[in-house]
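If you want the building blocks of each chain, they are given just below.
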Amino acid sequence: MKYCSACGNPVIQRIPEGDNRPRYVCDSCQTIHYQNPNIVAGALPSHGSQVLLCRRAIEPRRGYWTLPAGFMENGETLEQAARRETDEEACARLGPMALYQVFDLPHINQVHVFFRAELADLDFAVGVESLEVRLFEEHEIPWDELAFRTVSRALECYYLDRKGQHYPVRTECLSPMAEPHTST
């Protein structure tokens, strides 16, 4: 960041009084520019033993498979964001949703949140951000073609939990180098 979005003057990076982290600060208008993680909200839509995946039509990872998910917008809840992304990417409607997985990705300043949900019906189609949308049985999942580590981890946990029909809310920190740390 070079310029203040409030007044247009140059900003400097320093620790503001009463804070403990460097922030971009405008010495002209005294605005402190906080930078916070982005939240990605998504769904793990299922129909019986099948899971709905979308082949990405956009970067990053164009052509790879993913769960419907994307950045949360201002003014919406996590659940609204997950429903909107599912509609945008798969033209699909979801039944009741349950919080399922929260992934912390501090190395890229993101938090990914996935809800479990049954498809309300089988009327789904390719959305504007997808090349293809389809249901997969566990043995059909294109594991080597999944777009993101959060997607593969969510699916791995889902199929593990599905065996016992117990779906705890899971939290996991994924770092680029270390093995994931999971808690339930």
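Residues numbered from 1 in each chain as written. Predicted model: local features only at pLDDT ≥ 70, side-chain atom pairs only at ≥ 80, totals over all residues. Heavy atoms only, no water.

**Student:** Help me out: how do you make sense of the environment of Ala154 in this one?
**Tutor:** If you trace the backbone, Ala154 turns up in helix α2 (residues 149-164). Each C-alpha atom, one on Ala154 and one on Ala43, is 9.9 Å from the other, the two residues being 111 residues apart in sequence. (Helix = DSSP H or I, 4+ residues; strand = E, 2+ residues; numbered from the N terminus.)

**Student:** For this particular structure, what's the right way to read the packing of aromatic side chains?
**Tutor:** Counted by the stated rule, this structure contains five aromatic pairs. Relative to Phe136, the ring of Trp65 has its centre 5.0 Å away and its plane inclined at 85°; by these criteria the two rings are edge-to-face. Of this pair, Trp65 sits in strand β6 (residues 65-66) while Phe136 is found in strand β10 (residues 130-136), placing the two residues 71 residues apart along the sequence. Between the aromatic rings of Tyr158 and Tyr159, the centroid separation amounts to 5.2 Å while the plane-to-plane angle is 70°, which identifies the pairing as edge-to-face. Of the two residues, Tyr158 and Tyr159, neither departs from the other in class, the shared state being buried. Following the ring pairs from residue to residue traces out a cluster consisting of Tyr100, Tyr158, Tyr159 and Tyr167. (Phe/Tyr/Trp six-rings, centres within 6.5 Å; stacked < 30°, edge-to-face > 60°. Buried < 20%, exposed > 50% of the residue type's maximum accessible area, 1.4 Å probe, protein only.)

**Student:** It is not clear to me how the pattern of salt bridges should be interpreted in this structure. Could you clarify?
**Tutor:** Between side chains of opposite charge, a pair can form when the charged atoms approach closely. Overall, the coordinates contain 14 salt bridges when judged by the stated rule. A salt bridge links Arg93 to Asp121, with the nearest nitrogen and oxygen atoms 2.7 Å apart. Residue Arg93 is found in the loop between α1 (78-90) and β8 (94-105), and its partner Asp121 is found in the loop between β9 (110-119) and β10; the two are separated by 28 residues along the sequence. A residue is classified by how much of its surface remains accessible, and Asp121, at 28% relative accessible area, is partly exposed. The network of salt bridges with shared partners includes Glu76, Arg84, Glu85 and Glu88. (Salt bridge = Lys/Arg side-chain N within 4 Å of Asp/Glu carboxyl O.)

**Student:** Teacher, can you tell me more about the domain arrangement of the protein here?
**Tutor:** How big an interface is tends to be stated in terms of the accessible area lost upon association of its parts. Examined at the domain level, the protein breaks down into domain 1 (1-35) and domain 2 (38-173). Between the C-alpha centres of domain 1 and domain 2 the distance comes to 36 Å. (Domains from an automatic or database assignment.)

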